[in-house]
Amino acid sequence: MTRCASENERPSEGLGWRAPSPILASFETPRLLIRPLALTDLDALFDVIAASRDYLYPWVTWAEKGHRTKAQTAGFIAEQAIVLEKPDTFTAITLAVTLRETGAIVGGTGIHDVRRDTASAETGYWIAADHAGLGYATEACRHTISWALRPQEAGGMGLARIRIYCSDRNEASKHVIEKLRIRKEVEQRADYWLDTLGATTRLGWGVLADEWNCSESRVREMLSE
């Protein structure tokens, strides 16, 4: 997103970021355990998506056609497991958002559109309909950013920058990002298509590693004042 055609057609090595090996993708928050998906999650993940489909659509683009069968969900989980085995070709991963107390899957997060030239990636999140409004999306997003920006020698991905996008019509998602108090960088009119709403305004935010306190999962004081 927000990358010009010449950059996509003729990508530069730039910073030449590479994923750590192994990729350590499990981390805890006060109420959540965020971890890689496993095949034992098949039934739970399928059921929570099916129950939340109408709530997630159209904001989550895969909610209408994705995970319509357990075979599709199983294939998706297997793809995520393969990602962890191939750090040299890493470009994205989806992680399960689970409750620490019960282990129940209540959503998803992760990073995608990893750009090696700028050591940057996009993050996103979704929370099940029956767990919405409890602050889990904000909590998951904060700590996913910390994991993504934390140095690799400290167990993170060692990225230099994280991006987040949403439609201006997605009030819930905007509210989550605004609570993070990171910099708003993008406002592109009629640039974010939603099947039921048409072309909406794309909003984007970004934060650099030296602007984010990974230990406390928040922007540094110089940005929050």
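See the structure above.
Overview of the structure. (Residues numbered from 1 in each chain as written. Predicted model: local features only at pLDDT ≥ 70, side-chain atom pairs only at ≥ 80, totals over all residues. Heavy atoms only, no water.)

1. Let's talk about the sheet that holds strand β7 (residues 183-194)
Here comes step 1: In spatial order, the strands read β1-β2-β3-β4-β5-β6-β8-β7; together these eight strands make up an open sheet with mixed pairing. Looking at strand neighbours, the two that pair on one side only are β1 (27-28) and β7, the edges of this open sheet.
Here comes step 2: Pairing analysis gives two bridges linking β1 to strand β2 (residues 32-36), with the strands arranged antiparallel. Within β2, the residue paired with Glu 28 across the bridge is Leu 33.
Here comes step 3: Against the sheet, helix α2 (residues 42-56) engages β4 (105-115) and β5 (120-127), with an angle of about 85 degrees to β5.
Here comes step 4: Against the sheet, helix α3 (residues 70-85) contacts β2 and β3 (93-99), and its axis sits at roughly 110 degrees relative to β3. (Pairing = 2+ DSSP bridges. Helix = DSSP H or I, 4+ residues; strand = E, 2+ residues; numbered from the N terminus. Contact = heavy atoms within 4.5 Å. Axes fitted to C-alpha atoms, helices over the stretch in contact; angles between N-to-C directions.)

2. Here we look at the packing of aromatic side chains
Here comes step 1: Across all of its chains, the model carries three aromatic pairs by this definition.
Here comes step 2: For the ring pair Phe 27 and Trp 147, a centre distance of 5.5 Å and an interplane angle of 20 degrees mean the geometry is stacked. Linking Phe 27 in strand β1 with Trp 147 in helix α4 (residues 136-149), this pair joins segments that are 120 residues apart in sequence. In this structure, Phe 27 and Trp 147 share a single accessibility class: buried.
Here comes step 3: Between Trp 62 and Trp 126, the aromatic rings sit 5.7 Å apart at their centres with planes inclined by 80 degrees, giving edge-to-face as the arrangement. With a gap of 64 residues between them, Trp 62 in the loop between α2 and α3 and Trp 126 in strand β5 connect regions that are remote in the sequence.
Here comes step 4: For Trp 126, a relative accessible area of 9% puts it in the buried group. (Phe/Tyr/Trp six-rings, centres within 6.5 Å; stacked < 30°, edge-to-face > 60°. Buried < 20%, exposed > 50% of the residue type's maximum accessible area, 1.4 Å probe, protein only.)

3. Structural notes on the pattern of salt bridges
Here comes step 1: In the structure shown here, the tally under the stated rule is 16 salt bridges.
Here comes step 2: Glu 28 is paired through a salt bridge with Arg 100; the nearest N and O atoms lie 3.4 Å apart. Linking Glu 28 in strand β1 with Arg 100 in the loop between β3 and β4, this pair joins segments that are 72 residues apart in sequence.
Here comes step 3: Given the relative accessible area of 43%, Arg 100 is considered partly exposed.
Here comes step 4: Across the pair Asp 41 and Arg 35 runs a salt bridge whose closest N-O atoms are separated by 2.9 Å. (Salt bridge = Lys/Arg side-chain N within 4 Å of Asp/Glu carboxyl O.)

On their own, these measurements won't tell you what the molecule is for.
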